[in-house]
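Fold and contact review
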Amino acid sequence: LMLKSDDGLYINIHEAALVNYPAMHLNLDAKTFLMSSHLTPDKNGAKGYIQTGSTSPWRTIVVSDDARDILASNLIVNLNEPCKLEDTSWIKPGLASWEWWNGATPYGPDVNFVSGFNMDTYKYFIDFAAKYHIPYILMDEGWALDTRDPYTPNPKVNVHEIIRYGKEKGVGVLLWLTWLTVENHFDVFKTFSDWGVAGIKIDFMDRSDQWMVNYYERVAKEAAKYHLLIDFHGAFKPAGLEYRYPNILSYEGVRGMEQMGGCYPDNSLYLPFMRNAVGAMDYTPGAMISMQPEVYRSERPNSASIGTRAYQLALYVVFESGVQMLADNPTLYYRNPDCTEFITKV
């Protein structure tokens, strides 16, 4: 939580070293600034439910008359245990070209194939990534025949060939899965490692009770064993797990660009001082079509954002994420090489 008092003080309230414990929620009275807190209810709705053997996380308050001090604080880092991985040399942050936001629909005179969630399109994404030295592509929902089965690729998408082609071009492949699929098939980390996958985007947790907090750590630990990167989507706010397991490159936990017309610059301007102040943030920027709110309309293949082009470019500078998406269509990045060259140099 980030507040500004009447006398100009910036106040950031958070928690650190959240281990085997439910996340904290704050209830704020905006008139009096008085607040109470409660722990995330368990899956049965019991508030404050904690299994035994738990240690309370730190509760943190950072106060300054300069908002930049909130960003500069290392309090959350210092209150967490140090990195648990002996070797971190394999962990490579970087940009990723992502197909979901733009619907996997490249078009134009250089596209001599039917675009969609198919081999030609993914190879087109890899070629685009290779041209601009983007280290990853993300294959979102659609690469698997069934979202509940992480072992059977969609026959239209030969994942093994795409991984091979990506390695040939110097581009790693990240695969999307739901959290429940991962939980039901916890040997998927070894399988993906054997396939040559670079990492996993895990989605739809949408909970922060004690069991789910522990799930995040189990995932990070198992993924690290097989040198896999993790991007938690549908996630609660970070509280330091990425310092113990730095193979966690990012968390969503933000009203990001997936919200299309519901995502305004005048809200996002505050995010570095709120959400990013406590950890990496997968906002998924990079729209090349910009509109004002009164005329906004977004339809694939031309997904759009509210604001300006300069605003979209600036997000890559001011937003922190260990895996920063290029959310838009490669077609539009090719048409705007000045923007693309800027983004891929950040």
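Read on for a plain summary of the structure. (Residues numbered from 1 in each chain as written. Predicted model: local features only at pLDDT ≥ 70, side-chain atom pairs only at ≥ 80, totals over all residues. Heavy atoms only, no water.)

**A look at the overall build of the protein**
When helices and strands are tallied, the protein shows 12 helices and 16 strands. The C-alpha radius of gyration computed for the protein amounts to 21 Å, which stays within 12% of the reference 20 Å derived for 346 residues, consistent with globular compactness. Over its C-alpha atoms, taken along the principal directions, the protein stretches across nearly 60 × 45 × 35 Å. Residues classed as buried in the protein amount to 53% of the 346 residues present. A sequence separation of at least 24 residues applies to 72% of the contacts in the protein between residues at least 6 apart. Averaging the positions of the 30 positive and the 41 negative side-chain charges in the protein gives two centres separated by 2 Å. (Helix = DSSP H or I, 4+ residues; strand = E, 2+ residues; numbered from the N terminus. Rg over C-alpha atoms; globule rule 2.2 N^0.38 Å. Buried < 20%, exposed > 50% of the residue type's maximum accessible area, 1.4 Å probe, protein only. Contact = heavy atoms within 4.5 Å. Lys, Arg positive; Asp, Glu negative; His and termini not counted. Charge placed at Lys NZ, Arg CZ, Asp CG, Glu CD.)

**Side note on the environment of Leu271**
Relative to the helices and strands, Leu271 is located in the loop between α9 (265–268) and β14 (290–291). Leu271 sits 83 residues away from Val188 along the chain, and the two C-alpha atoms are 34 Å apart. Leu271 has contacts with Val254, Asn276, Met281, Tyr283 and Phe319, leaving out every residue within four places of it along the chain.

**Some thoughts on helix α10 (residues 309–318)**
Among the residues of α10, Tyr311, Gln312, Leu313, Leu315 and Tyr316 are the ones counted as buried. Check the buried side of α10 and you find it contacts β6 (94–98), α9, β15 (305–306), β16 (323–326), α11 (330–335) and α12 (337–343).

**Section: helix α4 (residues 159–169)**
Among the residues of α4, Val159, Ile162, Ile163, Tyr165 and Gly166 are the ones counted as buried. One face of α4 carries all of its buried residues, which in axial projection span an arc of 165°. Exposed residues pointing more than 90 degrees away from the buried face of α4 are listed as Lys167 and Glu168. One or two steps after α4, the chain reaches Gly170, where phi turns positive at roughly 80°. (Arc of directions from axis to C-beta.)

**Structural notes on the packing of aromatic side chains**
With the rule as written, the count across this model stands at 20 aromatic pairs. An angle of 10° between the planes, with centres 5.6 Å apart, marks the rings of Phe128 and Tyr333 as stacked. Taken together, the positions of Phe128 in helix α3 (residues 119–131) and Tyr333 in helix α11 put the pair 205 residues apart, joining distant regions of the chain. Summarising the burial analysis for this pair, Phe128 and Tyr333 share the class buried. By way of ring pairs, the aromatic residues Phe113, Tyr124, Phe128, Tyr132, Tyr333 and Tyr334 are connected into one cluster. The lysine or arginine in question, Arg300, covers the ring of Trp100, its NZ or CZ lying 4.8 Å from the ring centre. (Phe/Tyr/Trp six-rings, centres within 6.5 Å; stacked < 30°, edge-to-face > 60°. Lys NZ or Arg CZ within 6 Å of the ring centre and 35° of its normal.)

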